[in-house]
Amino acid sequence: MDLASQLPMLLGLAWLAPLVSFVAILFFGPRMGHHGKNAAWVATAAIVTSLGLSLAAFGIWLTAHPVTAVSHDSHGAAVDGHAADSHDANEHESHGNEANADHGDHADHSGQHAAVVPAAYSGDWYTLYQGGSLRLSIGWYIDALTVMMFVVVTFIATCIHVYASGYMHDELHDVTDHEVHLSDGGHLHRPGRFPRFFQALSLFCFSMLGILIAGNLAMVFIFWELVGICSWFLIGFYFERKSASTAANKAFIVNRVGDFGMLIGLMALWGALGTLHFADSPAAGAGGQTAPGLFSLVRPAESGHALQVPDGMVKFANASGVSQIALDNASRPGDGANEIASRIRDWRSEGYGRWLLFIAGVGIFCGCVGKSAQFPLFVWLPDAMEGPTPVSALVHSATMVAAGVYLVGRFYPVLTPDVLLVIAVIGGITLFIAATIALVANDIKRVLAYSTVSQLGYMMLALGVGGWSAGLFHLVTHAFFKSLLFLCSGSVIHACHTNDMRKMGGLARVMPWTAGTMLVGCLAIIGAGIPFVIGLSGYYSKDAILAQALSYSQANPSWSILFYAVAGGAFLTAFYMFRLWFMTFAGAPRDHHIADHAHESPNVMVVPLVALSVLAIVAGWTLPGGFGLANLLEQARPAGTAATMSDSFLFGNLTVPAEHLSHEGAIHVTATLTAFTTAAAGVLLAAMMYLWRIISPEMVASVFRPIYSFLANRWYFDELYNAIFVRPVFAVASLASGTDRGVIDRLIDGIAWSARQLAGFDAWIDRNLVDGLVNATATATWNAGLELKKLQTGRLRQYVMFIVIGTVALFVLASMLFRAALAG
Amino acid sequence: MNGFSPATHLLLVIATPLIGAVVAWVLGGRGLSAVRQSAAMTAVITLVNAGWLVLRYLQSPEAAAGEPYAVSSAPWLVGGIFDVRLSLGLDGLSIWLFGLSALLSLTAVLVSWNAIREKPVGFYVLLLLLEAAMLGVFAARDVILFYVFFEFTLVPLFFLIGIWGHDERRRAAVKFFIYTLAGSVLAFLGLLTIVLWNASHTGTVTFDIASLTAGTAAHPLPMSREGGWLQMIVFLALFAGFAVKVPIVPFHTWLPLAHVEAPTGGSVDLAGVLLKIGIYGFLRFSLPMLPDATAAAAPWLFGLGVVGILYGALVALVQTDLKRLIAYSSVSHMGYIVMGLFALEPVAVEGANLQLINHGLSAAGLFALVGMIYERFHTRSIANLGGIATKAPWLTVLFMLFTFSSIGLPGLNGFVGEFLILAGSFQRAWAGVAPSLRTPYLIMAVSAVAGVVLGAWYMLWAVERVFFGGSREPPRQGATGHDHGHAAHGHNTHGHDTHGGSDGRCDLEWYEIAALAPLAVFVLWIGLTPAPFLAPPAAMLRANTRGATTAFAERMRTLEDLAPSPQTAHVVDRDQPASREPFTLTSELTLDRP
């Protein structure tokens, strides 16, 4: 069995299937049945194909790398030999248990961990550009994480395709858009755009899968941008509505701000290291040699995969030292190279290159801040709810926003403790701000949007405090329950034709399936479960995050705020989720008109809900024998990241504790109990306010009026950004535009005017002085001409001679002047 | 091969538009459709022929060896030490621009199909003359010939703007003409000085560009006080000509005016090809012949490029006229190209050279589409437009495609060029400059990345206002106040009767699709497979920038020596190593790399 060639083939096809569907619908969409009805089938067939292929890859993976329980010495077994001969594929062999020297007090324990190299396959399909050391290529990097994310994304996308084929049926005939008011007072009538929707959905899936499979950062960036533009299409689907097209632009441009940092990170990495590939890859031109990728440059196998500033960055930062040695050994370049190599260790310990590595890490994270809607760039996500609900479910819960978290996870080995702290703090701020805004939102989709932002903050925080597997675990479980919640909200909106929760209530009776599945989603997101026994998927992932945050707080007491952010966030999450559920489904209907017309959604919409709610329940479970997501993730753990990492640079002494430490007794128990208590308290408070009505929400709002309006206005972030970014840019732009016309152009015109004045003066001189002179000369010439007539021999030879003499004389004159000028 | 020699083939390609111009003239009496059909036929024949020639070039051994192709040379003024020749040929530097000129000329003819009804004979004759001049500029291998073609591109465009333009056409035409001419006269003086310098060393007054390149390499123009800084003076003279043509900020103010007033066909040629001649001039003359002066000026020009990126983008952001907005976006994009070129880093130069073509395609496409919008709604004011996506979906799709190309979306051509330019510029800033210049260079490179954000902002915002929304119904019956100006020129009486039916739809006509489809194909083609487009010029680019790159490295080394010696600076200041690291040659670093 040749895994190294089967996996890229299977996942590559799974990746391309949506592209085929996109192209097909692009060209033949409107002709696919009545109003392009069959486009839904084409797109769904493509994504089902992807799902099938991903599952096949998953199966192959499991047979080759069986998932076993994470006992601390079974890692080697999980990545047993697969000595496949790989022509263009490059395989990382497990090197067994190598000793890991540093990491003081945990060395005995983490030694085995750190040495484990995850099973991963990489290679290139296609080279876009090759010049110097810059290689932009389309390739793959496949490990357990890739395979798992493929299954998750294609599964959720399949559910959403099926659901959308029901939800979007309005687009199958001419649409009257009641939100668009024409100048004549009427509403806009337009033809349906059913196929266009599925076309964009397919392109979106293709782009997202491209990020997942990408073998290098340049390819990530390419698909990163494509995801951005797909979200632009999807958010702006109702482009006749001003709010939708503005939201689409906002999403894209805010994401571009993040890409600004990402590009700088890319340039720093490429400039210093000369590669953007994750894994080692065949060197250009040379046969058989491999060029080290980013992972092995930053965490070389020789040093036990411990993080260090790569040689390239050290040399780069100490360019003066390098050039000095090169100058000293100008005659013997070989010696110079040797000396440089021998000095690198010293330079590294002097701290050269650490800034560069920090900038690279933070730069890449900036891109993730944009895509994953982190503070301060989260403002686009709630507005993005202008898109159709299936889009919200796909784009803004399971995929696009997941891309940022995924990239942090993928890029994890390169991140230093300082970068990780930045990530954790940003995540903490995000989760808190978003959760507080969700407390007071009344639009059902906006509550979910802010809850998404908040949960993404959780993931980032988890990654930042060293919980690599906790963060990605939560990414997966969240993908299931958040898409479930969005689809449920879509079902409610479909039934009520409004997003406003204040007009809902008592819907559980008319739409029991939706209410039930949404309850599952709410329970999952708050991490409900019986402590230490069993729980929904969120129970496991949230526990892991809390435990890791606690472990980090204990190791770095000055940053224990991060743990409180997580615990407080758990309380807020429980409150606003159950506020949503109670307001929507419980109690008596607030608006009878809406309640009477509400109805359960058609089966094509309910079936995906049930499928997703099953997964929202079981996704976190670990079966007897060790099969489960958490253990599967451990297979992909980047080499060296299982160990405790300590460093002291920008933010003082930082210790990123090894993740397995958080599974230990005291920490685990404390975390689980904290999670349970906070969540229970949140649900209880929500019930008191919105179910039993013991506390009146209106009263609370009026007592805390300033805070309430601060939150209801979303911390005034839009206003703030408008004041400190948008308006200044426009002021500068107007100034530039004014300068352009008023100064630069006028200057040019002024020069032209002066030239004309000069010409006028010249003309006057011409008429009065020169002309007179010329007339006098003319008379003289005439007379001279009469004399010269004698030279007019009519012989051609003589004429040519005169011309040549004249030309030569001119040139001699010119060259003499020219030389004189030089000499002078 | 194929019956006739490449040299004849090239002559034929350049002659075809001239013949076509005569044919159009003769057919003038038969009315509009005969004239425009003959012009389109000429443009198609030229394009097919030019495309075939480009393909022949790509397969030729000369292309592989990096040598000129299809060279022909006829004595013009030859005698004694005097040697002016009519010599033509193509090489890696010119091949894509040559092809682009042929491609965009067809676009220019087709977008004028319905827009030009007044004096069509003169219009199409001038358009074809312009095509011949553009093809000639890129094929000229002789300074005099180059200059003749260079000036000759001005004349037809002057009349095209001045006669068939909009309200302020006269002012725009005169400004465009005088400004460009003033610059190019200086450039010509500079070129003549190079010729004389070369003559004073070789004894032959040759105007052959290749010989001049070799001659100035053997005997560089003096770049010192004793030599009167002659090389710098000549560089500035050439700069005057080329910088106005590009245009580099602050020499750009003729451009928005000329674009806004020009007829669509003129805008297409102007944005697509004529702006490129400036950069082509830098690559053909300044960099190889004046390497030391280029190296001295490079940091300033790199900075001017960045200023252009940001300045153009900012000004574009607040424009109210769609065509003016695109014109300023051109200023911004040309800023990227200038920056990439004067980064003097192979990757960036290759990117800049590709970006010439990319911008030619996307800007020409956008200008063409703006023209089509104008024909339908008789306004270019963004505030008066809106909701076009519902009425003209295909027009919208194409506009979006060129917009995405312009904002550098991966998968389309703009991304490749932009990415390479930025990568090379960062490479230069990180590792290729003296310590004192490192911070300014990094600031400039980072600012250039900000252009990526601004670019998306102004383009997508314009798309939103012009194409999206549904509440605005642009006046379609010529009811705006602007119309008195056009009524006299026949813009008003036509157009909407041919476009659009009773349902409010007014999508593209066949000739409009024909005008834009080839551009769209290349936008995608270059975006998906850039390698075959990057490869042909690579050797020539390396050869023509080698001198300047070496001189730049030398210069940085000198600067480094003037700085405090590395030993004293070596006392460890651990927190800020970046601020005091002197430069190293990039090549040294790349050698170190695996």
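As a starting point, this report considers the structure included with it. (Residues numbered from 1 in each chain as written. Chains lettered and ligands numbered in written order. Predicted model: local features only at pLDDT ≥ 70, side-chain atom pairs only at ≥ 80, totals over all residues. Heavy atoms only, no water.)

**What to know about unusual backbone geometry**
Following V246 of chain B, the chain continues to P247 of chain B via a peptide bond in cis, the omega torsion being -10°. Here P247 of chain B lies in the loop between α10 (230–245) and α11 (254–261). Residues V249 of chain B and P250 of chain B are joined by a peptide bond in cis, for which omega reads 10°. Non-glycine residue R714 of chain A carries a positive phi angle of around 55°. Residue position: R714 of chain A is located in the loop between α28 (705–712) and α29 (717–788). For K119 of chain B, which is not glycine, the phi dihedral falls at a positive 45°. (Helix = DSSP H or I, 4+ residues; strand = E, 2+ residues; numbered from the N terminus.)

**Quick look at the packing of aromatic side chains**
The relation between two aromatic rings is expressed through the spacing of the ring centres and the mutual angle of the planes. Residues and elements named next belong to chain B. The final tally for this structure, using the stated rule, is 69 aromatic pairs over all chains. Relative to F285, the ring of F242 lies with its centre 6.3 Å away and its plane at 15°, an arrangement referred to as stacked. Taken together, the residues span a long stretch of sequence, with F242 in helix α10 and F285 in helix α12 (residues 264–289) at a distance of 43 residues. Using a relative accessible area of 1% as the deciding quantity, one classes F242 as buried. (Phe/Tyr/Trp six-rings, centres within 6.5 Å; stacked < 30°, edge-to-face > 60°. Buried < 20%, exposed > 50% of the residue type's maximum accessible area, 1.4 Å probe, protein only.)

**Description of the interface of chain A and chain B**
One frequently used descriptor of interface size is the decrease in accessible area upon assembly of the parts. The interface of chain A with chain B comprises 80 residues on the first partner and 87 residues on the second. Here chain A meets chain B over a buried area of about 7,200 Å², counting both sides, of which 70% is carbon and sulfur. Linking chain A with chain B are 4 salt bridges, by the criterion used here. In this structure, D749 of chain A engages K175 of chain B in a salt bridge whose closest nitrogen and oxygen atoms are separated by 3.0 Å. Counting the contacts that link chain A with chain B gives 15 residue pairs in polar contact (both at pLDDT 80 or more). Ranked by the residues each element gives to the side of chain A that touches chain B, the list is headed by helix α8 (residues 242–273) of chain A, at 18 residues. Counted by class, the side of chain A that touches chain B contains 49 nonpolar, 19 polar and 12 charged residues. (Contact = heavy atoms within 4.5 Å. Buried area = accessible area lost by both parts, 1.4 Å probe. Salt bridge = Lys/Arg side-chain N within 4 Å of Asp/Glu carboxyl O. Polar contact = N/O pair within 3.5 Å; in protein donor to acceptor, adjacent residues only side chain to side chain. Nonpolar A, V, L, I, M, F, W, Y, C, P; charged D, E, K, R; others polar.)

**Describing the sheet that holds strand β3 (residues 205–206) of chain B**
Within a beta sheet, neighbouring strands are joined by backbone hydrogen bonds and run either parallel or antiparallel to one another. Residues and elements named next belong to chain B. In spatial order, the strands read β1-β2-β3; together these 3 strands make up an open sheet with mixed pairing. Lying at the two open borders of the sheet, with one neighbouring strand each, are β1 (69–79) and β3. Two strands pair when backbone bridges link them, and strand β2 (residues 82–90) and β3 are joined in this way by 2 bridges, in the parallel orientation. Across the sheet, the residue bridging to F82 is V205, located in β3. The strands that helix α6 (residues 143–152) touches are β1 and β2; relative to β2, the one it contacts most, it runs at about 65°. (Pairing = 2+ DSSP bridges. Axes fitted to C-alpha atoms, helices over the stretch in contact; angles between N-to-C directions.)

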